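Examining the three-dimensional arrangement
So you can see what is in the structure, the chains are spelled out below.
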Amino acid sequence: MLTIALPKGRIAQETLEIFSKIFDADFSFDSRKLILEAHGFRFLNVRNQDVPTYVAHGAADLGVVGLDVITEQELDVIDLLDLKLGKCKVSIGIKEDEILDWNKPDIKVATKMVNITKNYFAKKAVGVEVIKLYGSIELAPLVGLADAIVDIVETGATMRENGLKVAEDIMESSAHLIANTHSFYAKKGDILSLYDKIRLALAK
Ligand code: PRP
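This next bit is on the nonpolar core. Across soluble globular proteins, nonpolar side chains have a tendency to be buried as a group. Core analysis: the largest hydrophobic core is formed by 30 residues, its most contacted members being F43, L62 and L80. Looking at this core, the elements that each hand over two or more residues are β1 (2-7), α1 (10-23), β2 (35-38), β3 (41-46), β4 (62-66), β5 (78-95), β9 (164-179) and α8 (188-203). Excluding anything up to four places from it in sequence, L80 contacts L62, L177, I178, A179, F184, I191 and Y195. Membership of the second largest hydrophobic core comes to 15 residues, among which are I107, I116, V150 and I170.

Shown next, in the form of structure tokens:
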């Protein structure tokens, strides 16, 4: 049996729809249940940011999670397949009427994604002071907590409605299928058979 960690919400639903299509059966979580066992699979309903943890520790063989989260956490997992669900970008946002001044010493950036931010600024050899927040990132520049933010942009509506604009895109993201390194060898047959079925379903 394969255990698969899914990120609570829309991506979990869309992933289960792919399974429903492949196996011509119903895959859906009962309202508050965190485990779903169906047709030889066990699905775990976990927080988006926790998916790589379940997979890296082997509590799940596979997981579905955004490339942004995989990149941020730098955990030891195998990136198997881009599911092309939940497409978004990780971008730098600033106030609409400002420009990002790369010459300013230690630009203050508020973000949930500390590692992605540090690596991006390091690559440009620009000093950065990263301020870690857990949500409502768009507020930070409006009240002088930060000069800029690094955050997920999907439609752009959140930035726009808060008087911010994208100054630069850092990376594109979408949901990927990841595997635990040990499971990938121990359960290679099962994993590759599922991988092929998902790839076929996505190509249709
Ligand atoms: C993300 C992100 C932005 C918003 C962007 O938050 O932090 O606030 O979505 O989407 P938009 O460009 O379509 O407006 P999310 O809703 O995923 O919640 P989170 O802060 O809990 O991650």
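The next point concerns the environment of L100. Along the chain, L100 turns up in the loop between β5 and β6 (107-111). C-alpha of L100 to C-alpha of I78: the two residues are 22 residues apart in sequence and 36 Å apart in space. Contact partners of L100, with chain neighbours within four places excluded, come to I92, I94, I107, A148 and A167.

Turning next to the environment of V69. Turning to its location among the elements, V69 is positioned in helix α3 (residues 67-73). For V69, a relative accessible area of 7% gives the class buried. Separated by 47 residues in the primary sequence, V69 and I116 place their C-alpha atoms 9.5 Å from one another. V69 has contacts with N48, Q49 and P52, leaving out every residue within four places of it along the chain.

Now for α1. With 14 residues, α1 should cover 20 Å at 1.5 Å per step; its first-to-last C-alpha distance of 20 Å lies within 8% of that length. Among the residues of α1, I11, A12, T15, L16, I18 and F19 are the ones counted as buried. The arc that holds the buried residues of α1, viewed along the axis, is 150°, so those residues lie on one side. What points out from α1, more than 90 degrees from its buried face, is the exposed set Q13 and K21.

Thresholds applied
What you see as residue numbers is a count from 1 along each chain, following the sequence as written. The predicted nature of this model means local features are confined to residues of pLDDT at least 70 and side-chain atom pairs, given and counted, to a pLDDT of 80 or more, with totals for whole chains, interfaces and linings taken over all residues. The side-chain figures draw on all heavy atoms in the structure; neither hydrogens nor water molecules are used. Buried Ala, Val, Leu, Ile, Met, Phe, Trp, Tyr and Cys residues form a nonpolar core when they are joined through side-chain atoms within 4.5 Å. When a residue's accessible area, from a 1.4 Å probe over protein chains only, is under 20% of the maximum for its type it is buried; when over 50% it is exposed; and in between it is partly exposed. Helix and strand labels come from DSSP, where a helix needs a run of H or I of at least four residues and a strand needs a run of E of at least two; each type is numbered from the N terminus. We call two residues in contact whenever any of their non-hydrogen atoms come within 4.5 Å of each other. To estimate the expected span of a helix, subtract one from its residue number and multiply by 1.5 Å. Arc definition: it is the arc formed by the directions from the helix axis to the C-beta atoms.

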